[in-house]
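Inside the fold
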Amino acid sequence: MKLYGQDLSRREVAALSGDLSQFAGVRLMTLADGAEAGQRVLEFRTGTGLRFTLMVDRCLDIGSCDYNGMAIGWNSAAGFRSPALHDAEGENGLGFMRSFSGLLMTCGLDHILGGYQADVLEYNYPGRPTASYGIHGRVSMLPARLTSYGERWEGDRCFLWAEGVVRQSAVFAEDLELTRRIEIEVGTNDIHLNDEVRNRGFNRTPHMLCYHINVGYPVLSDGARYVAPIEDVVWAAHADTYEDQGVGYARPSGPADTFREQVWQHEMTPDANGKVAIALVNDALSLGLEVTTSKSELPCTYEWQHLQSGGYAFGIEPSTHHVLGNGFARERDEMIWLEHGDTRQYSVNLKVLTSANDIAQSDAAITATQKQPDDPFPIPSGKFRTLSGRG
């Protein structure tokens, strides 16, 4: 174990304190005040200065995250509101916005992106031939059944972990189950997330998934850089006013009172192992976040710039589907359909970059895979690649 610059054996760590929790650990807590009251939270500390929380009652998503007191994740004005206060059907499907906060929010499990009304004849219920989906689906505000958490040793290496199950289901509708495991080795800054989505129901069920990973100040600031193996800029929500705000895809600005969100979809080139790494880095602070996913699992990636004063955030969003959403997936026969017992696996690695050397290594590896466009305003191609491997 590397701890405070030293390589220590398990015996040496034990000799230095009465309990590992002096340096690192995971503990279960309950929030007790305001809109957060009553929620279970797992706090992880890795002994490096990295601390993050898992919101057990919010899909086991990652809430706050900081390194040596500097925030990595984003806390919105909505905060980490209890799911008991959440109305997924409210405000014409925009109820998500009243709970939107944190380093990671999971979107799905049967819908992502904007609102949509779909035929749901697959559920064999004449009383409900269609279903209305709100923005980014329902799973992010469902409590997990916490199955286990703690620490385990492999020789002189120690790992902190948590596992839980989130079930999104209704009568005459979907019955989907997310099993999530999050793990990190003590002495490191690499958070490993592994998900399995299973159809527990007996009806053919649509499946969509997006990881909404949100970075805030001070990593996000005027001068930060978005580093990604961009082969093609496919789409931009703001294409009609592309350069009006003066902020391109590669370098976010500081906050502005009247900033209007900007969203892109980029086609990313995977490395030789089929992985896609993307980073937001702050060279002045020698701090950043690198997100690595599998191209085969999450073939699409969005970039979200919410640079408005008071809501200042930057989103890295790997996804199963193109940015045009549910209807587009159905029209192109690219929806993932799960039969009873079918599963999909996903892995996401979040690495906090804590030095100029970390940033240089990340930058070099990404650039070696694919050099991103020099032009901060590349013209979107509109070329949405066919997605294969759909169920």
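Placed above this text is the structure.
Residues numbered from 1 in each chain as written. Predicted model: local features only at pLDDT ≥ 70, side-chain atom pairs only at ≥ 80, totals over all residues. Heavy atoms only, no water.

From N to C terminus, the chain includes 4 helices and 24 strands. The globule rule puts the C-alpha radius of gyration for 391 residues at 21 Å, and the 21 Å found for the chain is close to it. Over its C-alpha atoms, taken along the principal directions, the chain stretches across nearly 65 × 50 × 45 Å. Within the chain, the fraction of its 391 residues that count as buried is 56%. If you sum the accessible surface of the chain, you get close to 16300 Å²; carbon and sulfur atoms cover 48% of it. In the chain, which carries 34 positive and 51 negative side-chain charges, the distance between the mean positions of the two groups comes to 4 Å. (Helix = DSSP H or I, 4+ residues; strand = E, 2+ residues; numbered from the N terminus. Rg over C-alpha atoms; globule rule 2.2 N^0.38 Å. Buried < 20%, exposed > 50% of the residue type's maximum accessible area, 1.4 Å probe, protein only. Areas by Shrake-Rupley, 256 points an atom, 1.4 Å probe, with all protein chains shown as cover. Lys, Arg positive; Asp, Glu negative; His and termini not counted. Charge placed at Lys NZ, Arg CZ, Asp CG, Glu CD.)

Under the counting rule described, the total for this entry stands at 25 salt bridges. The salt bridge involving R157 is made with E185; its shortest N-O contact spans 2.8 Å. With R157 in strand β12 (residues 157–169) and E185 in strand β13 (residues 175–185), this pair connects stretches of sequence that are 28 residues apart. A relative accessible area of 39% places R157 in the partly exposed class. Salt-bridge contacts for D195 lead to R180; the nearest nitrogen and oxygen are separated by 2.8 Å. Note that D195 is positioned in strand β14 (residues 190–199) and R180 in strand β13, a separation of 15 residues in sequence. (Salt bridge = Lys/Arg side-chain N within 4 Å of Asp/Glu carboxyl O.)

Summarising the element assignment, N349 is placed in strand β24 (residues 343–353). N349 sits 167 residues away from I182 along the chain, and the two C-alpha atoms are 9.7 Å apart. Each residue touching N349, except ones within four places of it in the same chain, is listed here: D190, I191, H192, E290, V291 and T292. Looking at N349, its side chain comes within polar contact range of the side chain of D190, at 3.5 Å. (Contact = heavy atoms within 4.5 Å. Polar contact = N/O pair within 3.5 Å; in protein donor to acceptor, adjacent residues only side chain to side chain.)

Among the nonpolar cores identified, the biggest contains 75 residues, and F52 and Y226 are the most heavily contacted of them. Setting aside chain neighbours within four positions, we find Y226 in contact with Y249, A250, H266, M268, I278, A279, L280, E303, F314, I316 and Q372. Counting residues in hydrophobic clusters, the runner-up holds 15 residues, among them C210, V234, V323 and L387. (Core = buried A, V, L, I, M, F, W, Y, C linked by side-chain atoms within 4.5 Å.)

Inspection of every chain in the model, using the stated rule, returns 11 aromatic pairs. With a centroid separation of 6.0 Å and 75° between ring planes, the pair formed by Y4 and F23 is classed as edge-to-face. With Y4 in the loop between β1 (2–3) and β2 (6–7) and F23 in the loop between α1 (10–16) and β3 (25–30), this pair connects stretches of sequence that are 19 residues apart. Using a relative accessible area of 10% as the deciding quantity, one classes F23 as buried. Their ring planes at 75° and their centres at 5.1 Å tell us that W74 and F100 sit as a pair that is edge-to-face. Separated by 26 residues along the polypeptide, W74 in the loop between β7 (70–71) and α2 (90–93) and F100 in the loop between α2 and β8 (104–109) bring together distant segments of the chain. (Phe/Tyr/Trp six-rings, centres within 6.5 Å; stacked < 30°, edge-to-face > 60°.)

Quick look at the pairing of β13 now. Burial within β13 is extensive, with 9 of its 11 residues counted as buried. Relative to β13, β12 is paired through 11 bridges, and the arrangement is antiparallel. Within β13, the residue paired with S169 across the bridge is D175. In textbook terms, the turn of a hairpin is the stretch between consecutive antiparallel strands, and for β12 and β13 this stretch comprises 5 residues, one of which, F172, has a positive phi near 55°. Pairing between β13 and β14: 8 bridges, direction antiparallel. Note that in β14 the partner of E177 across the bridge is R198. If you look at the hairpin formed by β13 and β14, you'll find 4 residues sitting between the two strands, and G187 has a positive phi there, around 90°. (Pairing = 2+ DSSP bridges.)

A separate point is helix α4 (residues 356–369). The end-to-end C-alpha separation of α4 is 20 Å, in line with the 20 Å expected for 14 residues at 1.5 Å each. By the burial criterion, the buried members of α4 are D358, I359, S362 and I366. One side of α4 carries all its buried residues, which in axial view fall inside an arc of 95°. Opposite the buried face of α4, at more than 90 degrees from it, the exposed residues are A356 and A368. The inward-facing, buried residues of α4 contact β16 (225–227), β19 (275–282), β20 (287–294) and β24. (Expected span 1.5 Å × (residues − 1). Arc of directions from axis to C-beta.)

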